[in-house]
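Spelled out from the first residue to the last, the chains are:
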Amino acid sequence: MRCPRSHRDAPVGRRLVLVFFCLLWAVPAGAGHELPFYPGYYPQEIRLETLPPSAAAAQLKSAKIHAYVGADPFAGGRAPGDVKPVESLGGYLVMTFNPASPVAASRESRCEAARRTAKSLGAAPGLYVPHPYPVTPYDMDYLEHFDLAQSARQAYAAAPGGSGVALRVQTKGPLAERLVKAPARSAKDWDATVEEIDAEGLLAAHGLSLGGWLGPPWLKDGWFHAYLLDTRAPSDTAGRQAVDALYRRLVAGAYDSPTTRIELERQLVSRLTAGCERVVLGYTVRREYFNAEFSQGVENISWDSQTGFNSAIFLRTVKLKDFPWNGWLRLGIATKAAAAWNPIAGFSDPAGRLLWAALGDPALLPSPYGAGWVPNRVRIATVTRPPTSEVEIPSDALIPEPGTGLLREVGKGRIARVRVTFRLVASAFHDSTRMTPADAVYAYSFAYRWGAKGGGGSVDPALEAATAQIREGLAGFRVLKVDTEVNRYSDVTFTYVVPVIEVYLNTGGLEPERLAALAPPWSPVPWHVLALMDEAAKRGLAAFSPGEAKRRGVPWLDLARDAKTKEGLAALVGGFAAQAWIPPALKQLVTADEAQTRWTALKNFYARRGHFLVTSGSYSLEKWSEREVILQVFRDITNPNGVGTYDRFSIPHRAFVARLAARGDRLEIFPEIERVESFLRDYRVVREPLGKPVSDENPADVPVCRYVIVGADGAVADAGLSRERDGARLVVNLKGRLKPGAYTALVALALRENWVNPEVAVAQFRVDAAP
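So, a few notes on the structure that sits alongside this text. (Residues numbered from 1 in each chain as written. Predicted model: local features only at pLDDT ≥ 70, side-chain atom pairs only at ≥ 80, totals over all residues. Heavy atoms only, no water.)

1. A few points about the overall build of the protein
To keep it simple, the criterion reads: For helices the rule is a DSSP run of H or I covering at least 4 residues; for strands it is a run of E covering at least 2, with both sets numbered from the N terminus onward. Throughout, the radius of gyration refers to the C-alpha atoms, and the reference size of a globule is 2.2 Å times the residue count to the power 0.38. Areas reported here follow the Shrake-Rupley algorithm with a probe of radius 1.4 Å; residue values treat only the protein chains shown as occluding. In summary, the charge assignment counts Lys and Arg as positive and Asp and Glu as negative, without counting His or the chain termini. Lysine's charge is taken at NZ, arginine's at CZ, aspartate's at CG and glutamate's at CD.
Within the protein, the secondary structure is distributed over 20 helices and 31 strands. For a compact globule of 771 residues, the expected C-alpha radius of gyration is about 28 Å, and the protein comes in at 27 Å, within 12% of that figure. Referenced to the eigenvectors of the C-alpha coordinate spread, the extents of the protein come out at roughly 75 × 65 × 60 Å. For the protein, the exposed area adds up to about 31,200 Å²; of that, 52% sits on carbon and sulfur atoms. Here the protein contributes 91 positive and 81 negative side-chain charges, whose respective centroids are spaced 2 Å apart.

So, in structure tokens, the structure goes:
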């Protein structure tokens, strides 16, 4: 293994540190090391090649590509021994009724027809799982809906098959064609359509890249997926109004406890599914493969439970077995990058999303095996949420003006429901400029400039929809100060610049990590690139979204591949550099000298690299063609995330309920956990009972218990998390929390934040009245 040229002549102390890094990289994957101050083992290059699945199978076998993203190149067949699979949620098989069909005339006839259809479907082992409920085991809130999902399964299992009026069923997609035994032949006369809806595509429409925001805090929740799947249900006005009211309460955080939130989510899904206008028949499993050969393969693999390899966590953990820091990570994908490359409303196809996962640098990452969020570039310092009052907003806090994005003081007498104080770790951008608070807060301005009507400004409907939740939730923000943090190792000092920003929010019921994900003050794109795109759209050079581009008759903004657009952008940058131009919204945060430095740096970057796609991400765009994109690693010593930061997600561990004892005042759970035994580059997973107390040095080996208590009326009586341990048992203390009556306890365990496909334990018990 050789060191990069830039380090060969380093001082002795620094070379010793780098030698230590080299030794550290020999540690087996998943060993839990963490040195969050240098992105050292990231491969030197990522090469993304467009390959059909048939060609990918041979290249995976020979290690010409390390992983294939988005599809199964072996078509469900057996893969070579060194080629390993990972599984994630692929999508949903849904049945939608034709409103003009007699079968759709009543709820009873629709539901009965859906059950008969479900029983008549063929089999697709390993690809399709019958599951007549929209919340799946790949959703973290599956436990909260487990009893409802089981009830739906039982109702479908008890339904008669092969009787009733023959349905004329249309099919869409290869899976539906395989499962439906006698599809309708006429495109005019049909009763229902059976089709597969891709989960990644369903969620992509609600994702964001602006400001490093990836989507709403509930992006991976099953109840939210159910809402997206059943946008037309219920068909009656009163029912739809009730659904919309429940949805508004959930997204506004208008509840006072997790128990209330869970009850609202269950009510929402129940109302959506009650009328059978659109029925989820089951879900599909996405199977992707990587090469794990001893020297030519990759290790330390993490993936997302709902997007698989097409995720930021995969690119931040995957490690080349040989030459981990100066090798090439070679990836294949079935479709080429067709969507425009702009970080506002571009990168919207599968290849684009994967590229942005490498180029971007979001504030938080979706928890790969749950529905929470993992800090990436922002940390929560404090959350202030008085239980019986509001938080006063300082009069000098700022809020963007709708339509113009100009930052205005909120003034006196304004209040919010919660204040979140964030600590950001600033670093360098690809054009060698350094982050300042202006970069973080300009994303807010941009969202109000293009997503809100007012002030005579133009609105892009795609941005209006995507930023609605941010604009509704944000009540103001204030830059408190800029700190420095220092880490020392040997004779090397690592100094980080840490802006501290207060954010005031109008929503208060969300958990802290979800509050952080609602509107974090962060942008992986520097303010001068955002301002350049703003001016380009305002002057008619291009539009951010494809819909707005079509409406205005201009190109969809592409910062790299559209030569004519780049000419126009280069002319703007030259003029801005000559003027030391500052966007009006940043007049109080940026000086003329700083603006001059920024525009000159961007001008020089374009001269060297031929594009304007500047971010703070760990990879920068190097080369591209119709078939291949090459990304170059961006090694910035002030980037806080690097060796081992996310290694806890490699090799997902599971925990199981071996026995559940439910009493009136407590639940006692006897867990079994998975433990990894490593040898060189191999490992095996061992399942064993939770034994002697785990040391404080490794608390991750103690599972977390999540529980839901359902009353005899089907309503949620209590819910929460418990980490309390009594010897080899986990304990949930229910004393004084339940009224007398009969209850059902639903319990699941997670180890190292893995909530995927939990083994749910169920127990019935009674609480007696006090004597």
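More follows now that the structure is in view.
2. A look at the state of the cysteines
Which entries qualify depends on this criterion: Only a pair of cysteine sulfur atoms within 2.5 Å counts as a disulfide in this structure description. Only protein chains enter the area calculation, which uses a 1.4 Å probe; residues under 20% of their type maximum are buried, those over 50% are exposed, and those in between are partly exposed.
This model, assessed by the stated rule, comprises one disulfide. The side chain of Cys-111 participates in a disulfide bridge whose partner is Cys-276; the two sulfur atoms lie 2.0 Å from each other. Negative torsions about the S-S bond denote left-handed disulfides, and the value of about 100° found for Cys-111 with Cys-276 makes this one right-handed. One end of the pair, Cys-111, is in helix H4 (residues 107-120); the other, Cys-276, is in the loop between helix H10 (258-274) and strand S7 (278-291), with 165 residues separating them in the sequence. The buried category is assigned to Cys-111, whose relative accessible area is 4%. Cys-276 gets classed as buried once you look at its relative accessible area, which sits at 7%.

3. Brief notes about the side chain of Glu-144
Cut-off, in case you're wondering: Polar contacts here mean pairs of N or O atoms no more than 3.5 Å apart (in protein, one a potential hydrogen donor and the other a potential acceptor; neighbouring residues in sequence count only if both atoms are side-chain atoms). Whether two residues touch is decided by their heavy atoms; if any such pair falls within 4.5 Å, the residues are in contact.
Within the secondary structure layout, Glu-144 lies in the loop between strand S4 (128-130) and helix H5 (146-158). There is a polar contact of 3.1 Å between the side chain of Glu-144 and the side chain of Arg-706. Apart from the residues within four sequence positions on either side, Glu-144 is in contact with Ile-262, Arg-266, Arg-706 and Val-708.

4. Re the pattern of salt bridges
Convention followed: Take a side-chain nitrogen of Lys or Arg and a carboxyl oxygen of Asp or Glu: if they are within 4 Å of each other, that pair is a salt bridge.
Considering all chains together, one arrives at 46 salt bridges under this definition. Ionic pairing is found between Glu-144 and Arg-706, a salt bridge with its closest N-O pair at 3.1 Å. Taken together, the positions of Glu-144 in the loop between S4 and H5 and Arg-706 in strand S26 (residues 704-711) put the pair 562 residues apart, joining distant regions of the chain. Neither residue differs from the other here; Glu-144 and Arg-706 are each classed as buried. A salt bridge links Arg-261 to Glu-511; the shortest N-O distance between them is 3.2 Å.

5. Considerations on the pairing of strand S25 (residues 682-689)
Along any regular strand the residues' side chains alternate between the sheet's two faces. Put simply, the rule is: Here the rule is simple: two strands pair whenever DSSP picks up at least two bridges between them.
With eight bridges joining them, strand S24 (residues 666-679) and S25 adopt antiparallel strand pairing. Its bridge partner lying in S25, Ser-678 is registered against Tyr-683. As consecutive antiparallel partners, S24 and S25 are separated by two residues, and within that stretch Leu-680 has a phi angle of approximately 50°, a positive value.

6. Points about unusual backbone geometry
Phi at Cys-276 is positive, roughly 60°, even though this residue is not glycine. Phi at Ala-580 takes a positive value of approximately 55°, unusual for a residue other than glycine. Structurally, Ala-580 can be placed in the loop between helix H19 (563-579) and helix H20 (592-609). Judged by its relative accessible area of 16%, Ala-580 is buried.

7. Focus: empty space enclosed by the protein
Taking a probe equal in size to a water molecule and rolling it over the atoms shows the remaining empty space. Here is the rule we go by: The rule is simple: put a 1 Å grid over the protein atoms alone, call a set of points where a 1.4 Å probe fits but cannot get out a cavity, call an open set with protein on both sides within 12 Å along at least five of seven lines a pocket, and count a residue as lining if it has an atom within 4 Å of a point. Grid points are joined across faces, edges and corners, and a volume is the space filled by probe spheres set on the points. Under the grouping applied here, Gly and all other residues not named as nonpolar or charged are polar, the nonpolar ones being Ala, Val, Leu, Ile, Met, Phe, Trp, Tyr, Cys and Pro and the charged ones Asp, Glu, Lys and Arg.
The final tally for this structure, using the stated rule, is six cavities of 30 Å³ or more. Looking at the second largest cavity, its volume works out to about 50 Å³. In terms of lining residues, the second largest cavity is bounded by Trp-218, Asp-221, Trp-223, Leu-250, Tyr-255, Arg-261, Glu-265, Leu-510 and Arg-514. Grouping the constituent residues of the lining of the second largest cavity by class yields five nonpolar, no polar and four charged.

8. Observations regarding helix H9 (residues 237-252)
Heads up, the rule is: Expected span of a helix: the number of residues minus one, times 1.5 Å.
With 16 residues, H9 ought to run about 22 Å at 1.5 Å a step, and its terminal C-alpha atoms sit 22 Å apart, in line with that. Tucked inside the fold, the buried residues of H9 contact helix H8 (222-229), H10 and helix H15 (468-473). Phi turns positive one or two residues past the end of H9, at Gly-253, with a value near 70°.

9. Regarding the sheet that holds strand S30 (residues 741-750)
Here is the rule we go by: Fitted lines through C-alpha atoms give the axes, limited to the stretch in contact for helices. The angle between two N-to-C directions lies from 0 to 180 degrees.
Across the sheet, which stays open at both edges, the four strands sit in the order S27-S26-S30-S31 with antiparallel pairing between neighbours. Among the strands making up the open sheet, the edge pair consists of strand S27 (716-722) and strand S31 (761-767). Averaged over all neighbouring strand pairs, the angle between strand axes comes to 20°, with direction disregarded. Where H10 meets the sheet, its contacts fall on S26 and S27, and the angle it forms with S27 comes to roughly 120°.

10. Details of the nonpolar core
Keep this limit in mind: Grouping buried Ala, Val, Leu, Ile, Met, Phe, Trp, Tyr and Cys residues that are joined through side-chain atoms within 4.5 Å yields what is termed a nonpolar core.
Membership of the largest hydrophobic core comes to 169 residues, with the highest contact counts inside it found for Phe-544 and Trp-599. Looking at this core, the element that brings in the most residues is helix H13 (residues 437-451), giving ten residues. Leu-730, Leu-738, Phe-765 and Val-767 belong to the second-largest nonpolar core, a separate cluster that totals 24 residues.

11. Here's the deal with the packing of H4 against H5
Think of two packed helices as two axes; the pair is described by the angle between the axes and how far apart they sit. Which entries qualify depends on this criterion: If an angle is under 35 degrees, it is roughly parallel; if it is over 145, roughly antiparallel; if it lies from 65 to 115, roughly perpendicular; otherwise it is oblique.
The contact between H4 and H5 brings their axes to 9 Å, and the two run at 80°. Relative to H5, the element H4 lies roughly perpendicular. Where H4 approaches H5, its residues Ala-114, Arg-115, Ala-118 and Lys-119 are matched on the opposing element by Ala-155, Tyr-156 and Ala-157. When its residues are assigned to classes, the contact of H4 with H5 shows five nonpolar, no polar and two charged.

12. Side note on the packing of aromatic side chains
Applicable threshold: The aromatic pairing rule takes the rings of Phe, Tyr and Trp, using the six-membered ring of Trp, and pairs them if the centres are within 6.5 Å, calling planes under 30 degrees apart stacked, those over 60 edge-to-face and the rest tilted. Whether a charge sits over a ring depends on NZ of Lys or CZ of Arg being within 6 Å of the ring centre and within 35 degrees of the ring normal.
Evaluation of the coordinates by the stated rule reveals 25 aromatic pairs. Taking the centre distance of 5.7 Å and the plane angle of 70° together, the rings of Trp-303 and Tyr-369 count as edge-to-face. Residue Trp-303 is located in the loop between strand S8 (298-299) and helix H11 (312-317), and its partner Tyr-369 is located in the loop between strand S11 (364-366) and strand S12 (373-375); the two are separated by 66 residues in the primary sequence. Cation over ring: Arg-449 sits above Trp-450, and NZ or CZ is 4.0 Å from the ring centre. The ring of Trp-341 has Arg-561 sitting right over it, with the charged end atom 4.0 Å from the ring centre.

13. Topic: the environment of Phe-634
Within the fold, Phe-634 resides in the loop between strand S22 (628-633) and strand S23 (655-662). Sequence separation between Phe-634 and Gln-44 is 590 residues; the distance between their C-alpha atoms is 8.5 Å.

14. Side note on the pairing of S26
Burial analysis of S26 places eight of its eight residues in the buried class, the great majority of the element. Examined bridge by bridge, S26 and S30 share eight bridges and lie antiparallel to one another. Bridging across to S30, Ile-709 finds its partner in Ala-745. Note: S26 against S27, six bridges, orientation antiparallel. Bridge pairing in S27 places Ile-709 opposite Asp-718. A loop of four residues connects S26 with S27, the two strands running antiparallel in sequence, and Gly-714 in this loop sits at a positive phi of about 85°.

15. Considerations on H5
Keep this limit in mind: Here the arc refers to the directions that run from the helix axis out to each C-beta atom.
Its 13 residues give H5 an end-to-end C-alpha distance of 18 Å, which sits within 8% of 18 Å, the value for a rise of 1.5 Å per residue. What H5 keeps buried is the set Phe-146, Ala-149, Ala-152 and Tyr-156. For H5, the angular spread of the buried residues around the axis is 125°, confining them to a single face. The outward face of H5, more than 90 degrees from its buried face, is lined by the exposed residues Gln-154 and Ala-158. Those residues of H5 that are buried are in contact with H4, S7, S30 and S31.

16. A closer look at the environment of Leu-127
Examined against the element boundaries, Leu-127 turns out to sit in the loop between H4 and S4. Sequence separation between Leu-127 and Val-702 is 575 residues, and the spatial gap between their C-alpha atoms is 33 Å. Non-local contacts of Leu-127, meaning those with residues more than four positions away in its chain, are made with Arg-178, Tyr-283, Thr-284, Val-285 and Arg-287.

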